Amino acid sequence: MATVSSASSAATRPMNLEVGSLVSRASEQFRGLNPQEPGQWPLLPKAAAWLGAGLLALVLGWVLLVSGAVEQLDNERAMEPGLKDDYRAKLGQAVNLSELRKQKQQVQEYVTQLERQLPGKAEMDALLSDINQAGIGRGLQFELFRPGQVEVKDYYAVLPITLRVTGRYHDVGAFTADVANLSRIVTLHNLALVPSKDISGSLAMDAVARTYRYLDSAELAEVRKAREAEAKSKAPRK
């Protein structure tokens with residue numbers, strides 16, 4: 001047993017000496033290196049320098065390129081649900097496109113029909129005459145018929161008319177029905193019925209009739225110009 005143990009220890013000694021010699025020679029290659037002349041370095045320091053440069057380039061490439069791409073990918077993934085919902089909505093519109101076009105045409109026809117019920121500026125006198133004739137045809141007496149100031153809206157104008165008529169109850173009711181059935185749009189507001197002071201058994205009705213007309217091209221241009229000037233005046237100054 002002693003002979004085997006001494007033989008084994010004798011075999012490991014040369015191996016340890018050889019490894020130590022290799023480490024010593026490798027460490028000697030890293031001593032006294034001149035950083036100004038890397039081309040004169042021994043093979044082992046050169047290999048280590050190339051390996052370090054490669055690792056550094058790899059890290060910098062990850063930081064500058066890959067990490068930015070990963071962040072962009074995360075942003076795109078976050079946008080994906082919204083884009084899917086948008087796609088489904090547009091797909092539904094595309095599927096129902098013919099029905100939507102039909103509805104659009106119906107709305108345009110309805111708007112055209114309403115516009116026909118609005119007189120132009122030149123037809124307003126005829127409309128006022130129609131209101132007056134509706135009252136006279138029912139045997140009513142006009143005590144007041146006073147058009148007011150025209151109120152210009154975005155696409156139409158409103159003309160209020162303050163009126164006061166006297167007559168029998170049923171005639172006053174028939175007059176309001178006649179006004180409602182005119183071919184042009186006329187609405188009655190602030191109606192008030194009181195006994196007439198002058199005619200026994202008669203009623204006096206005070207009301208404001210509102211008639212509507214569409215704006216011509218010149219008036220529409222003035223309205224747009226006024227709206228743009230108002231918007232510019234309210235805009236914050238830079």
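This structure is a prediction, so every number in the text was calculated from the model and none was measured.

What counts as what
Residues numbered from 1 in each chain as written. Predicted model: local features only at pLDDT ≥ 70, side-chain atom pairs only at ≥ 80, totals over all residues. Heavy atoms only, no water. Helix = DSSP H or I, 4+ residues; strand = E, 2+ residues; numbered from the N terminus. Buried < 20%, exposed > 50% of the residue type's maximum accessible area, 1.4 Å probe, protein only. Contact = heavy atoms within 4.5 Å. Areas by Shrake-Rupley, 256 points an atom, 1.4 Å probe, with all protein chains shown as cover. Expected span 1.5 Å × (residues − 1). Patch = residues over 30% accessible without salt bridge, like charges linked within 9 Å, V, L, I, M, F, W, Y side chains within 5 Å. Salt bridge = Lys/Arg side-chain N within 4 Å of Asp/Glu carboxyl O. Phe/Tyr/Trp six-rings, centres within 6.5 Å; stacked < 30°, edge-to-face > 60°. pLDDT = per-residue confidence, 0-100. Pairing = 2+ DSSP bridges. Core = buried A, V, L, I, M, F, W, Y, C linked by side-chain atoms within 4.5 Å. Polar contact = N/O pair within 3.5 Å; in protein donor to acceptor, adjacent residues only side chain to side chain.

> When you look at the overall build of the protein in this model, what are you seeing that I'm missing?
The number of helices and strands found in the protein is six helices and five strands. Walking the protein from its N terminus toward its C terminus, one meets helices and strands in the order α-α-α-α-β-β-β-α-β-β-α. Residue burial in the protein is summarised as follows: out of 238 residues, 17% are buried. Residue pairs at least 24 apart in sequence account for 57% of intrachain contacts in the protein once pairs closer than 6 positions are excluded. Total accessible area on the protein stands at roughly 18,100 Å², and carbon and sulfur atoms take up 58% of it.

> Can you walk me through helix α5 (residues 169-180) in this structure?
Residue pairs spaced three or four apart in an α-helix point in one direction, given the helix's 3.6 residues per turn. Between its terminal C-alpha atoms α5 stretches 17 Å, which fits the 16 Å expected from twelve residues at 1.5 Å a residue. Packed against the buried residues of α5 are α4 (124-137), β1 (141-147), β3 (156-167), β4 (186-195) and β5 (203-214).

> Can you help me understand a nonpolar patch on the surface in this one?
A cluster of nonpolar side chains, namely Leu 51, Leu 55 and Leu 58, defines an oily patch on the protein surface of about 340 Å² accessible area. Here Leu 58 shows up in helix α2 (residues 43-95).

> Would you explain the packing of aromatic side chains in this entry?
The description of two aromatic rings rests on the distance between their centres and on the angle between their planes. The full count for this structure, using the stated rule, is three aromatic pairs. Judged by centre distance (6.1 Å) and plane angle (85°), the ring pair of Phe 142 and Phe 175 falls under edge-to-face. Within this pair, whereas Phe 142 is found in strand β1, its partner Phe 175 is found in helix α5, the two being separated by 33 residues in sequence.

> What's the story with the confidence of the model for the protein in this structure? I'm lost.
Low pLDDT marks stretches whose predicted atomic positions should not be read closely. On average, residues of the protein score 78 in pLDDT, and 75% of them are at 70 or above. The spread of mean pLDDT over the elements of the protein runs between helix α1 (residues 2-29), the lowest at 58, and α5, the highest at 91.

> Looking at this structure, how should I read unusual backbone geometry?
With the exception of glycine, most residues fall at negative phi, and the peptide bonds are largely trans. Even without being a glycine, Asn 190 presents a positive backbone phi close to 55°. Here Asn 190 shows up in strand β4.

> How do you make sense of the pattern of salt bridges when you look at a structure like this?
Opposite charge on two side chains allows them to pair when their charged atoms are near. Tallied over the full model, the rule gives eight salt bridges. One salt bridge connects Asp 178 with Arg 138, and the closest N-O pair in it is separated by 2.6 Å. Of the two residues, Asp 178 is situated in helix α5 and Arg 138 in the loop between α4 and β1; the sequence distance between them amounts to 40 residues. On the basis of relative accessible area, Asp 178 is assigned to the partly exposed category, the value being 23%. A salt bridge links Asp 171 to Arg 168; the nearest nitrogen and oxygen atoms lie 3.0 Å apart. According to the relative accessible area criterion, Arg 168 is exposed, its value standing at 55%. Connected through shared salt-bridge partners, Glu 143, Arg 164 and Asp 206 make up one network.

> Looking at this model, I keep getting lost on the pairing of β5. Mind explaining?
Regular strands place side chains that alternate from one sheet face to the opposite one. When you tally the buried positions in β5, you get nine out of twelve residues, the bulk of the element. The pairing of β3 with β5 spans twelve bridges and is antiparallel. Residue pairing for β5: Pro 160 is matched across the bridge by Arg 210. Where β4 and β5 come together, eight bridges link them in antiparallel fashion. Along β5, the bridge assignment pairs Val 194 with Ala 204.

> Quick question: what am I supposed to make of the nonpolar core here?
Generally speaking, nonpolar side chains in soluble globular proteins are found buried as a group. Ranked by size, the top nonpolar core spans 17 residues in total, and within it Ile 161, Phe 175, Val 186 and Met 205 carry the most contacts. Looking at which element gives the most residues to this core, the answer is α4, with five residues. Setting aside anything within four residues of it in sequence, one finds Met 205 in contact with Leu 163, Arg 164, Val 165, Val 172, Phe 175, Thr 176, Leu 191, Ala 192 and Leu 193.

> Sorry if this is basic, but what is going on with the side chain of Asp 171 here?
Assignment of secondary structure puts Asp 171 in helix α5. Asp 171 sits in the buried class, given a relative accessible area of 17%. A polar atom in the side chain of Asp 171 sits 3.0 Å from the side chain of Arg 168. Beyond its immediate chain neighbours, meaning those up to four positions away, Asp 171 contacts Arg 138 and Leu 140.

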